[in-house]
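# Topology and contacts: notes
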Amino acid sequence: GDSCMSSEGGRTGRKCEGIEVYMQAMSKMDQYNYKTIFLATDDLKVANEAKEKYPQYNWLIGSPSASQMRNQGDGWKHRFEELAFEKGGDNMDLKTEFKEVLSDILLLSDVDGFIGKFTSNVDRISYALNYGRRGCAVPFASLDAYWCNDYGLETGHTIQGAKFAC
């Protein structure tokens, strides 16, 4: 995704990390005895790698999404905004993209435990919706930042101390 672009890492404070980092956090949640994982990713290689490297889990992964198909090869080098608005033309089907992101958010908001990155708007929205639905916080691990909710303001702090816009 956008965190894998060198230009975006500085802007968002996010780091591109593989499935291994997420699974390290998963091992810290062993006490909850989770056996099924819903994986939301815009990298088809990560989805396939998860199933191969961690067969002990039941993986809930949908069919390849438009972003997964677009991000194969060098596709991840292009920001969504650039493809959708700046370049013009028919670079992507915005209706399909929106439906897929919304579907991921709604599915992520219905999990019993959460591993993600709170520098990600999708992750923060999903976790907030989950809290709203349940009235309590489910076990979570944010791999990069503490919770923040000052949208657009540079008040977020990563675990390493860098600031980012919530």
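For the structure, see preceding data.
Residues numbered from 1 in each chain as written. Predicted model: local features only at pLDDT ≥ 70, side-chain atom pairs only at ≥ 80, totals over all residues. Heavy atoms only, no water.

### Comments concerning the overall build of the protein
Helix and strand content of the protein: seven helices and six strands. Ordered by position from N to C terminus, the α and β elements of the protein give α-α-β-α-β-α-α-α-β-α-β-β-β. Considering only intrachain contacts with a sequence separation of at least 6, the fraction spanning at least 24 residues in the protein is 48%. Per element, the accessible surface of the protein, about 10,100 Å² overall, is 52% carbon and sulfur. (Helix = DSSP H or I, 4+ residues; strand = E, 2+ residues; numbered from the N terminus. Contact = heavy atoms within 4.5 Å. Areas by Shrake-Rupley, 256 points an atom, 1.4 Å probe, with all protein chains shown as cover.)

### Some points on the side chain of D123
Assignment of secondary structure puts D123 in helix α7 (residues 121–134). Residue classification places D123 among the buried positions, given a relative accessible area of 13%. D123 has contacts with F114, G116, K117 and F118, leaving out every residue within four places of it along the chain. (Buried < 20%, exposed > 50% of the residue type's maximum accessible area, 1.4 Å probe, protein only.)

### Points about the side chain of S142
Along the polypeptide, S142 turns up in strand β4 (residues 140–142). Take S142: its relative accessible area is 15%, and that puts it in the buried class. At a separation of 3.1 Å, a polar atom in the side chain of S142 contacts the main-chain amide nitrogen of F118. A polar contact is formed between the side chain of S142 and the backbone oxygen of A145, at a distance of 2.7 Å. Look past the residues within four positions of S142 in its chain and what remains in contact with it is G116, K117, F118 and I159. (Polar contact = N/O pair within 3.5 Å; in protein donor to acceptor, adjacent residues only side chain to side chain.)

### Notes on α7
In a regular helix each residue adds 1.5 Å, so 14 residues correspond to 20 Å; α7 covers 20 Å between its end C-alpha atoms and thus fits that length. Residues D123, R124, S126, Y127 and N130 constitute the buried set of α7. Summarising the axial view, the buried residues of α7 lie within an arc of 165°, below the 170-degree limit, and thus occupy one face. Here the buried face of α7 lies against α6 (94–108), β3 (114–116), β4 and β6 (163–164). The N-cap of α7, judged by a side-chain oxygen 3.3 Å from the amide nitrogen of V122 a few residues on, is S120. Immediately downstream of α7, the backbone of G135 shows phi near 80°, a positive value. (Expected span 1.5 Å × (residues − 1). Arc of directions from axis to C-beta.)

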